[in-house]
Amino acid sequence: MIYVDNNATTRLAEEVAQALAEAYATGYLNPSSQHQLGQKARRRLDDARETILNLVGGEITKFQSDRLVFTSGGTEANNLALFGLGKPSDGQVIISAIEHPSISEAADQLRAQGTTVRQLPVDSNGVVQYEELGNWLTEPTRLVSVMLANNETGVLQPVSEIAAICRHRQVPLHVDAVQGIGKIPVNFRSLQASAMTISPHKFHGPRGIGALVLDDRVKLNPTMFGGSQQLAMRPGTESVELAIGFQKALELALTALPTAGLRMQSQRDRLETSLLGELGPEAMVINGAQALRLPHTSNLAFPGIDRQALVMALDMAGVACSTGSACASGSSEPSPTLIAMGLNEEVISGSIRLSLSRETTEEEIDKLVFHISNCVKRLRRR
Ligand SMILES: Cc1ncc(COP(=O)(O)O)c(C=O)c1O
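Everything quoted here is computed from the prediction, not taken from an experiment.

Take the sheet that holds strand 7 (residues 195-198) next. Spatially, 7 strands are ordered 2-8-7-6-5-3-4 in an open sheet, and the strand pairing comes out mixed. Strands with a single pairing partner mark the edges of an open sheet, and in this sheet they are strand 2 (67-71) and strand 4 (117-120). Looking at each pair of strands side by side, their axes are set apart by 20 degrees on average, direction ignored. Each of strand 3 (92-96), strand 4, strand 5 (141-147) and strand 6 (173-176) is contacted by helix 4 (residues 101-112), which is oriented at about 155 degrees to strand 3, the strand it contacts most.

Sizing a probe to match a water molecule and rolling it over the atoms shows the empty space that remains. Space inside the second largest pocket adds up to approximately 380 Å³. Along the walls of the second largest pocket sit 20 residues, with Val-171, Pro-172, Ser-194, Arg-217 and Val-218 positioned nearest its centre. Those elements that place two or more of their residues in the lining of the second largest pocket are helix 6 (159-169) and helix 7 (188-191). Element by element, the count of residues in the lining of the second largest pocket is highest for helix 6, at 3 residues. When grouped by side-chain class, the residues that make up the lining of the second largest pocket number 9 nonpolar, 4 polar and 7 charged.

What surrounds the ligand is a group of 15 residues, the closest being Gly-74, Thr-75, Asp-176, Ser-199 and Lys-202. With respect to the ligand, the side chain of His-100 contributes an N or O atom lying 3.4 Å from an oxygen atom. A distance of 2.8 Å separates an oxygen atom of the ligand from a polar atom in the side chain of Gln-179. For the ligand, whose unbound accessible area comes to 390 Å², protein coverage reaches 90%. Of the residues belonging to the shell around the ligand, the class tally is 2 nonpolar, 11 polar and 2 charged.

Attention shifts here to the sheet that holds strand 9 (residues 285-286). Pairing between sheet strands relies on hydrogen bonds along the backbone, with the strands arranged either parallel or antiparallel. An order of 9-10-12 is seen for the 3 strands of this open sheet, with the pairing classed as antiparallel. At either margin of the open sheet sits one strand with a lone partner, and together these are strand 9 and strand 12 (351-355). One ladder, built from 2 bridges, connects strand 9 with strand 10 (residues 297-301); its direction is antiparallel. Considered in strand 10, the bridge of Val-285 is made with Ala-301.

Okay, the environment of Leu-133 next. Checked against the element boundaries, Leu-133 lands in helix 5 (residues 133-136). Sequence separation between Leu-133 and Ile-165 is 32 residues, and the spatial gap between their C-alpha atoms is 7.5 Å. Those residues in contact with Leu-133, other than ones at most four positions away along the chain, are Ile-94, Leu-120, Val-144, Ile-162, Ile-165 and Cys-166.

About the criteria used
Residues numbered from 1 in each chain as written. Predicted model: local features only at pLDDT ≥ 70, side-chain atom pairs only at ≥ 80, totals over all residues. Heavy atoms only, no water. Pairing = 2+ DSSP bridges. Helix = DSSP H or I, 4+ residues; strand = E, 2+ residues; numbered from the N terminus. Axes fitted to C-alpha atoms, helices over the stretch in contact; angles between N-to-C directions. Contact = heavy atoms within 4.5 Å. 1 Å grid on protein atoms, 1.4 Å probe; cavity = no way out; pocket = protein on both sides within 12 Å on 5 of 7 lines; lining within 4 Å. Points joined across faces, edges and corners; volume = space filled by probe spheres on them. Nonpolar A, V, L, I, M, F, W, Y, C, P; charged D, E, K, R; others polar. Near = heavy atom within 4 Å. Polar contact = N/O pair within 3.5 Å; in protein donor to acceptor, adjacent residues only side chain to side chain. Areas by Shrake-Rupley, 256 points an atom, 1.4 Å probe, with all protein chains shown as cover.

Keep in mind that these numbers describe shape and distance, not what the molecule does.
Here's what the structure looks like:
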């Protein structure tokens, strides 16, 4: 099977599996226990937390100390940011029109509870338009949340520009960096955000753990109760083993990044160019092509073809890809991201997502070109 659904999740790296196995064999116990065994677990957990924080550009110095809260994954970290940063009386919440459901549906909940939620629009390439943001921020605002890169199109978002406007108005900015980490260089301090979400299963790490990085100036209110772990911001016994797997995956991803990033980009570009050559420019549209994108993501529309039929035909041919966000797949709902981009119905209903990884080979790219063009031609004949 050729796996090009890496934005849904990635294969666990062998070295991570080994680090996890070793950690489980070591038998770390509860890091909150007071005995020596608990203290050993605590030291290893703190070490993983600090290493991860440093690797993503968080700062721990004499003068300031960013924090990292472990969660069960990206979804929980995004929910924690939306519900835990500030309080309802602090005012409106602003998100973009293309956020992952773990932000957009959490925002729906806030709206149902009486918070005003505004959405920044995107242009036809899927880039967030922030011209109105300064005006909007003249009203009391609790939080702005904008993703670093879109999970469906891979389009990079103007987060630094948005951060500058938020800073000027002293409004906290949360950045969902789930798809960016390990694919492009990401530095929390340079982003100048107040909070940032990470999810290691997107870079060959374990599923079941994620993190919310916090600037030392922001206060996070808990959304769960019943323990003093992680300064009571996110209670519950931490998994030292998963934290070790997280650390290992991040170290590997960042070591591989300089070469893997370039390789994935050249593979992705070759895939798109070859498919355009095979099918012709009238038969295929690259969504977000005019914008800066993550190096490994390709969102392709084959107007007139049903995306579900194409994904199923490709599955039969041995290609695992998707119609968009894994959280929305299973449903045949059209992609909110592509709708927000104002694309026409034929493009939206004929779009699939291919997401490569650092494991993707040139041979797989050749096979992808062959299978995708074959399936598209066959479905078109029908
Ligand atoms: C942009 C983005 N944010 C958040 C998430 C949720 O992360 P997790 O699967 O770790 O809950 C995803 C997962 O697809 C994502 O792509």
